[in-house]
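Residues per chain are reported as follows:
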Amino acid sequence: MELFIQQIVNGLTLGSVYALVALGYTMVYGIIGLINFAHGDVVMIGAMVATVVATSLLSGGEPGTLSVWLVIGVALLVAMPVCMGVGWTAERVAYRPLRRAPRLAALITAIGVSFILQNVAMMIWGRNYLSFPQIIEPDIFKIGGASISSLQIAIIVVAALIMVGLTLVVHKTRLGTAMRATAQNREVAGLMGININTVISAAFLIGSALAAVAAIMVTTYYGLAQYTMGFMLGLKAFTAAVLGGIGNLAGAMLGGLLLGVIEALAAGYSGDLTGGVLGSHYQDFFTFMVLVLVLVFRPSGLMGERVGDRA
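Below: a short report on this structure. (Residues numbered from 1 in each chain as written. Predicted model: local features only at pLDDT ≥ 70, side-chain atom pairs only at ≥ 80, totals over all residues. Heavy atoms only, no water.)

Digging into the overall build of the protein chain
Next, step 1: Along the protein chain, the regular secondary structure elements total 11 helices and four strands.
Next, step 2: Over its C-alpha atoms the protein chain spans a radius of gyration of 20 Å, differing by no more than 12% from the 19 Å that the globule rule assigns to 311 residues.
Next, step 3: If one aligns the C-alpha atoms of the protein chain with their principal axes, the spans along those axes are about 55 × 50 × 35 Å.
Next, step 4: Split into buried and exposed, the 311 residues of the protein chain put 47% on the buried side.
Next, step 5: Considering only residue pairs separated by 6 or more positions, the protein chain has 79% of its internal contacts joining residues 24 or more positions apart.
Next, step 6: For the protein chain, the distance from the average position of its 15 positive side-chain charges to the average position of its 12 negative side-chain charges is 18 Å. (Helix = DSSP H or I, 4+ residues; strand = E, 2+ residues; numbered from the N terminus. Rg over C-alpha atoms; globule rule 2.2 N^0.38 Å. Buried < 20%, exposed > 50% of the residue type's maximum accessible area, 1.4 Å probe, protein only. Contact = heavy atoms within 4.5 Å. Lys, Arg positive; Asp, Glu negative; His and termini not counted. Charge placed at Lys NZ, Arg CZ, Asp CG, Glu CD.)

The following block contains the structure:
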């Protein structure tokens, strides 16, 4: 039971990150029907920038000189506009000219943008892993024999607040109304006076801002950043979006949390359940098995595809 609770805690922490990244996928898909496979690499860019900023702030300084939250706050304030700039540029330069092209063209372009971002990051920061400064010494709490750190609590709580805030923005603001109207029918929304380009750009900007927050969470939790990290993270977040129902905000949140829990439970129990044939390092096998099963038996996801609500 202790192991089970521990893996649930670990899964919710990981799933919170997946949910934030999955929201970027589902917002863009819900509005323009594009699977932006470069979104995971936007997270990677944010992680690299945040790591460099945090390292620069602490270099040459005495330990404890700067507040932990000040360092993380500055890193986020720098990483967020960088990620938003990357997302906006990709939409403006690579995706907007293909808006009326077949979906396959946009999909291939998204994969190309992903490789471009990876190579640009490799040229700037190199191939080696960058270490995020170990500035957080989290307190450990016990729950039913399992351990949960203050950092894990912070990640889960911040992710939950962001998800609630995004839901309110989409359903209670003029921008959210415009986004839902655009998701239903771009042509009609344009005839009603909605600036379609602005709405689509806003979706990319919001998704990229969430990617920056997810990047901070990943780097502070694992302490590492590398130019290829966005590829697998992006695939898992996409799996989470499909699991919950891509195009559905609540589905992306649910899918992210569920996928994190599934992955954590697989890491904890796969060895015992398979007699040692599959160890904890096979957790990705179970992640993508979930994707295959969902696509085969319920391609619309657990909460069904909902491209737009009535504005």
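Looking at the packing of aromatic side chains
Next, step 1: All told, the structure shown has four aromatic pairs when counted by the stated rule.
Next, step 2: Ring geometry for Tyr25 versus Phe238: centroids 6.0 Å apart, planes at 55 degrees, classification tilted. Residue Tyr25 is found in helix α1 (residues 2-32), and its partner Phe238 is found in helix α9 (residues 229-244); the two are separated by 213 residues along the sequence. Here Tyr25 matches Phe238 in class, with each residue buried.
Next, step 3: Ring geometry for Tyr221 versus Tyr222: centroids 5.0 Å apart, planes at 80 degrees, classification edge-to-face.
Next, step 4: The exposure class assigned to Tyr221 is partly exposed, which follows from its relative accessible area of 29%. (Phe/Tyr/Trp six-rings, centres within 6.5 Å; stacked < 30°, edge-to-face > 60°.)

As for helix α2 (residues 39-58)
Next, step 1: Helix length check: α2, at 20 residues, gives a terminal C-alpha distance of 29 Å against a target of 28 Å (1.5 Å per residue), a fit within 8%.
Next, step 2: With 15 of its 20 residues buried, α2 lies for the most part within the structure. (Expected span 1.5 Å × (residues − 1).)

Some words on the environment of Leu76
Next, step 1: When you line up the elements, Leu76 lands in helix α3 (residues 68-95).
Next, step 2: For Leu76 and Ala50, which are 26 residues apart along the polypeptide, the C-alpha to C-alpha distance reads 6.5 Å.
Next, step 3: Setting aside chain neighbours within four positions, we find Leu76 in contact with Pro81, Ala212, Val213 and Ile216.

Concerning the environment of Leu295
Next, step 1: Looking at where Leu295 falls in the secondary structure, it is placed in helix α11 (residues 283-297).
Next, step 2: With relative accessibility at 45%, the residue Leu295 sits in the partly exposed group.
Next, step 3: Expressed as a C-alpha distance, the spacing of Leu295 and Val242, which sit 53 residues apart in the sequence, is 8.0 Å.

A look at α1
Next, step 1: Here α1 contains 31 residues, and its C-alpha end-to-end distance of 45 Å stays within 8% of the 45 Å for a straight helix at 1.5 Å per residue.
Next, step 2: Burial of α1 is extensive: 24 of the 31 residues sit out of reach of the surface.
Next, step 3: With its phi angle positive at about 70 degrees, Gly33 sits one or two positions after the end of α1.

Overview of the packing of α3 against helix α8 (residues 196-222)
Next, step 1: At a closest axis distance of 8 Å, the pairing of α3 and α8 adopts a crossing angle of 140 degrees. The orientation of α3 with respect to α8, classified from their angle, is oblique. Both α3 and α8 take part in a crossing whose hand is right-handed. Of the residues in α8, those in contact with Ile72, Ala75, Leu76, Ala79, Met80, Cys83, Met84, Gly87, Trp88, Glu91 and Tyr95 of α3 are Ile200, Ser201, Phe204, Leu205, Ser208, Ala209, Ala212, Val213, Ile216 and Thr220.
Next, step 2: In terms of residue class, the contact of α3 with α8 is made up of 16 nonpolar, four polar and one charged. (Axes fitted to C-alpha atoms, helices over the stretch in contact; angles between N-to-C directions. Parallel < 35°, antiparallel > 145°, perpendicular 65-115°, else oblique. Left-handed = near helix turned anticlockwise from the far one by under 90°. Nonpolar A, V, L, I, M, F, W, Y, C, P; charged D, E, K, R; others polar.)

As for the side chain of Asn36
Next, step 1: Examined against the element boundaries, Asn36 turns out to sit in the loop between α1 and α2.
Next, step 2: Setting aside its immediate chain neighbours within four residues, Asn36 contacts Tyr25, Tyr95, Ala110 and Phe204.

Let's talk about a nonpolar patch on the surface
Next, step 1: A cluster of nonpolar side chains, contributed by Tyr282, Phe285, Met289, Val292, Leu293, Val296 and Phe297, occupies part of the molecular surface with about 690 Å² of accessible area.
Next, step 2: Along the chain, Val296 falls in helix α11. (Patch = residues over 30% accessible without salt bridge, like charges linked within 9 Å, V, L, I, M, F, W, Y side chains within 5 Å. Areas by Shrake-Rupley, 256 points an atom, 1.4 Å probe, with all protein chains shown as cover. Salt bridge = Lys/Arg side-chain N within 4 Å of Asp/Glu carboxyl O.)

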